[in-house]
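An overview of the molecular structure
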Amino acid sequence: GCYQMKDKDGNIIYVGKAINLFNRVNSYFRGAHDYKTTKLVSNIKDFDYIVTKSEKEALILEYNLIKKYDSVLITGHKFSDNDSIGSGLGMLFLATANGAKAKIAADRKRSLAGGIISLVESQGFDVFCEPEEALKLCDDKTLLIITDTHRPSLVDCPALCEKAAATIIIDH
């Protein structure tokens, strides 16, 4: 299913998807976390969750949540690999099919998926941007989708997590 974390004003500050909602949500309140996760947890005042019957249904739910935002930025973990970039391309397709402006933020110099990035760009698709450019594109109407990690501190540009209006994490 999907879960939404809300602040004291009822604003959604975080959206995630998990096979086991209880375990994923509970993980935020156990053990030590990095600064950004600790800050996120301190701002959580309420949760909403939606139980789905399948991963496909959860993906459709995420698709519908994407519709609420004007633009979408997608990023994966540092040293992005083929799995991270491939997941990002899938989310890019969902976002653009829904009419949103979307880009994948990836540090090309550190990416382990240079072959995929080069292939996509050689086909004329302008879908990648450097993390610094993503920060400039991000505003209060931007949805951030993080793929292939559930820790915001591990993404190519952690500052995006604080600047985006909402965040969806897709991790397996």
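What counts, and at which threshold
- Residues numbered from 1 in each chain as written.
- Predicted model: local features only at pLDDT ≥ 70, side-chain atom pairs only at ≥ 80, totals over all residues.
- Heavy atoms only, no water.
- Phe/Tyr/Trp six-rings, centres within 6.5 Å; stacked < 30°, edge-to-face > 60°.
- Helix = DSSP H or I, 4+ residues; strand = E, 2+ residues; numbered from the N terminus.
- Buried < 20%, exposed > 50% of the residue type's maximum accessible area, 1.4 Å probe, protein only.
- Pairing = 2+ DSSP bridges.
- Right-handed = clockwise from strand over helix to strand, strands pointing away.
- Core = buried A, V, L, I, M, F, W, Y, C linked by side-chain atoms within 4.5 Å.
- Contact = heavy atoms within 4.5 Å.

1. Let's talk about the packing of aromatic side chains
Within this structure, the stated rule accounts for four aromatic pairs. Both rings, one in Phe 29 and one in Phe 47, keep their centres 6.0 Å apart while their planes meet at 70°; by these two values the pair is edge-to-face. Of this pair, Phe 29 sits in the loop between α1 (21-27) and α2 (35-43) while Phe 47 is found in strand β3 (residues 46-50), placing the two residues 18 residues apart along the sequence. You can call Phe 47 partly exposed: its relative accessible area is 27%.

2. A look at the sheet that holds strand β8 (residues 166-170)
Read from one edge of the open sheet, eight strands run β3-β1-β2-β8-β7-β4-β5-β6, paired in mixed fashion. Unpaired on one side and paired on the other, β3 and β6 (128-129) mark the two borders of the sheet. Bridge count between strand β4 (residues 71-75) and strand β7 (residues 142-147): five bridges; the pairing is parallel. Residue pairing for β7: Leu 73 is matched across the bridge by Leu 144.

3. Remarks on the pairing of strand β5 (residues 101-105)
Among the five residues that make up β5, four are buried, leaving the element largely enclosed by the rest of the structure. Pairing geometry for β4 and β5, over five bridges, is parallel. Of the residues in β5, the one forming a bridge with Val 72 is Ala 102. The parallel pair β4 and β5, bridged by helix α4 (residues 82-97), forms a crossover whose chirality is right-handed. Bridge count for β5 against β6 is two bridges, and the pairing is parallel. The residue of β6 that forms the bridge with Ala 105 is Cys 129.

4. What about the nonpolar core?
Generally speaking, a soluble globular protein has its nonpolar side chains buried in company with each other. Core analysis: the biggest nonpolar cluster contains 25 residues, and Ile 66, Val 72, Ile 74, Phe 128, Leu 143, Ile 145 and Ile 168 have the highest contact counts within it. Sort the elements by how many residues they give to this core and α4 lands first, with five residues. If sequence neighbours within four positions are ignored, Ile 168 has contacts with Val 15, Glu 62, Leu 65, Ile 66, Leu 143, Leu 144, Ile 145 and Ile 146. Within the second largest apolar cluster, 23 residues are counted, among which are Val 41, Cys 129, Ala 134 and Cys 161.

5. So, the pairing of β8
One face of the sheet, then the other: side chains in a regular strand alternate in exactly this way. Of all five residues in β8, five are buried, a share of seventy percent or more. Along β8, one buried face is formed by Ala 166, Ile 168 and Ile 170 and the opposite face, lined by Thr 167 and Ile 169, is buried too. Across two bridges, strand β2 (residues 12-17) lies against β8 in parallel orientation. Considered in β8, the bridge of Gly 16 is made with Ile 169. Inspection of the sheet shows β7 paired to β8 by five bridges, in the parallel sense. If you follow Leu 143 over to β8, its bridge partner there is Ala 166.

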